[in-house]
Amino acid sequence: DLGDKLHGCRPRARCGSLTCPKCARAFQKAKTAAQQTVILDLQKNRARKHLVFVSIIPKGMTYPPGSFSRIDIIKANRWLKDTLKPVGKRPILGSVDFGWESRRGGNYLQLHWHLAFWTSNPDNLEEKLKSLFQRAKKYERHIDVEVARDHGFLPYLNKVIKLPDLLRRNQTHLPELFLALDHIEPLDL
C-alpha cells in the first residue's frame, strides 16, 4: 500500500507522506522558508541576543528495530516542552530528527531535536541545558549550543533523517522505518 501511495505522488496531488522523498523535501523547504521569515521578524526585538542552534539528544529516547511503530512524536515533543520550562519563556523553532545509531552493542533509532532560539549568554544556556538533560556516559556529547552566523543551518534543522546515510549503512530496517514515518504527520515533527 505504501509503495502504491508513493508511486502515485504527483506535483499537483502530493501523497503527503514523510517517506516520500519529494514530499519530505517539500515539507523541509516550506518549514525552512517559514522559519527564516519568523527569525527575521523576531530579530527586530532581539538586537542584543544571539540566535543559537541547539541539538538535544536525550539518550532515553531510543528505538531498537521492531519498536519503531511505538514512536509517539506528540508525546515526545510535549516531554521536551515540559523539560525546557526552567530555561525560561522564549520563542523556539525546531524539529525532531531521527538518527540511525550503531553503538552500545546494537542498532537503534535515536530521537533528538534541533532547535533555534535566542539567548544573551550562549555558554550559560548550554550549562542550563546540560543540567536539565543529564548524560548517560562521562564524555557523551548530548547537548550542543552553537551561535548561528547565518540561516544556513535551517535546512539541516528540518531534515527529519539523513536518508542517504541510512541507505548506505543499514537498508534492512528501512521498511519498518518508512511505515513508522508514513504514520507521522509532517507538522508533528
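Residues numbered from 1 in each chain as written. Predicted model: local features only at pLDDT ≥ 70, side-chain atom pairs only at ≥ 80, totals over all residues. Heavy atoms only, no water.

Draft legend 1. Representation of the packing of aromatic side chains in the model. For the structure shown, the criterion picks out five aromatic pairs. Geometrically, the ring pair formed by F53 and Y156 is edge-to-face, given 6.2 Å between the ring centres and 80° between the ring planes. With a gap of 103 residues between them, F53 in strand 1 (residues 50-56) and Y156 in helix 5 (residues 154-157) connect regions that are remote in the sequence. With a relative accessible area of 36%, Y156 lands in the partly exposed category. In textbook terms, an aromatic cluster arises when at least three aromatic residues are bridged by ring pairs, as seen for F53, F153 and Y156. The lysine or arginine in question, K159, covers the ring of Y156, its NZ or CZ lying 3.7 Å from the ring centre. (Phe/Tyr/Trp six-rings, centres within 6.5 Å; stacked < 30°, edge-to-face > 60°. Helix = DSSP H or I, 4+ residues; strand = E, 2+ residues; numbered from the N terminus. Buried < 20%, exposed > 50% of the residue type's maximum accessible area, 1.4 Å probe, protein only. Lys NZ or Arg CZ within 6 Å of the ring centre and 35° of its normal.)

Draft legend 2. Up close: the environment of L6. Topologically, L6 is positioned in helix 1 (residues 2-7). According to the relative accessible area criterion, L6 is partly exposed, its value standing at 24%. As for L6 and G16, which are separated by ten residues in sequence, their C-alpha atoms are 9.0 Å apart. Here L6 is in contact with C15, S17, T19 and C20, once residues within four sequence places are set aside. (Contact = heavy atoms within 4.5 Å.)

Draft legend 3. Summary view of helix 7 (residues 174-182). Burial in helix 7 covers these residues: L174, L177, A180, L181 and D182. Its buried side turned inward, helix 7 meets helix 1, strand 3 (92-103), strand 4 (106-119) and helix 6 (163-169).

Draft legend 4. Structural context of the layout of surface pockets. In this structure, the second largest pocket occupies an estimated 400 Å³ of space. Around the second largest pocket sit 19 residues that line it, and N77, L80, K81, L84 and I92 are the ones nearest its centre. Elements with a contribution of two residues or more to the lining of the second largest pocket: helix 3 (73-83), strand 3 and strand 4. Top contributing element to the lining of the second largest pocket by residue count: strand 3, with five residues. Among the residues forming the lining of the second largest pocket, the class breakdown is ten nonpolar, four polar and five charged. (1 Å grid on protein atoms, 1.4 Å probe; cavity = no way out; pocket = protein on both sides within 12 Å on 5 of 7 lines; lining within 4 Å. Points joined across faces, edges and corners; volume = space filled by probe spheres on them. Nonpolar A, V, L, I, M, F, W, Y, C, P; charged D, E, K, R; others polar.)

Draft legend 5. Region of interest: empty space enclosed by the protein. According to the stated counting rule, one finds one cavity of 30 Å³ or more in the structure shown. As a volume, the largest cavity reaches approximately 60 Å³. Around the largest cavity, the lining residues are L18, A24, F27, Q28, K31, N158, V160, P186 and L189. Within the lining of the largest cavity, the residues separate by chemical class into six nonpolar, two polar and one charged.

Draft legend 6. Examining the nonpolar core more closely. Counting 35 residues, the largest nonpolar core has V54, I56, F98, L109, L111 and L129 as its most contacted members. Elements represented by at least two residues in this core include exactly strand 1, helix 3, strand 3, strand 4, helix 4 (122-132), strand 5 (143-147) and helix 7. Tallying contributions element by element places strand 4 first for this core, with five residues. Beyond its immediate chain neighbours, meaning those up to four positions away, I56 contacts L80, L84, H112, W113, L115, L129, F133, H142 and I143. Listed in part, the ten residues of the second largest apolar core include I39, L51, A148 and L154. (Core = buried A, V, L, I, M, F, W, Y, C linked by side-chain atoms within 4.5 Å.)

Draft legend 7. Layout of the pairing of strand 4. Among the 14 residues that make up strand 4, twelve are buried, leaving the element largely enclosed by the rest of the structure. Bridge analysis of strand 1 against strand 4 gives seven bridges, and the strand direction is antiparallel. Bridge assignment links H50 to a residue of strand 4, and that residue is T119. Bridge count between strand 2 (residues 62-63) and strand 4: two bridges; the pairing is antiparallel. Along strand 4, the bridge assignment pairs T62 with Q110. Pairing of strand 3 with strand 4, which is carried by twelve bridges, proceeds in the antiparallel orientation. The residue bridging E101 from the neighbouring strand is Y108, located in strand 4. (Pairing = 2+ DSSP bridges.)

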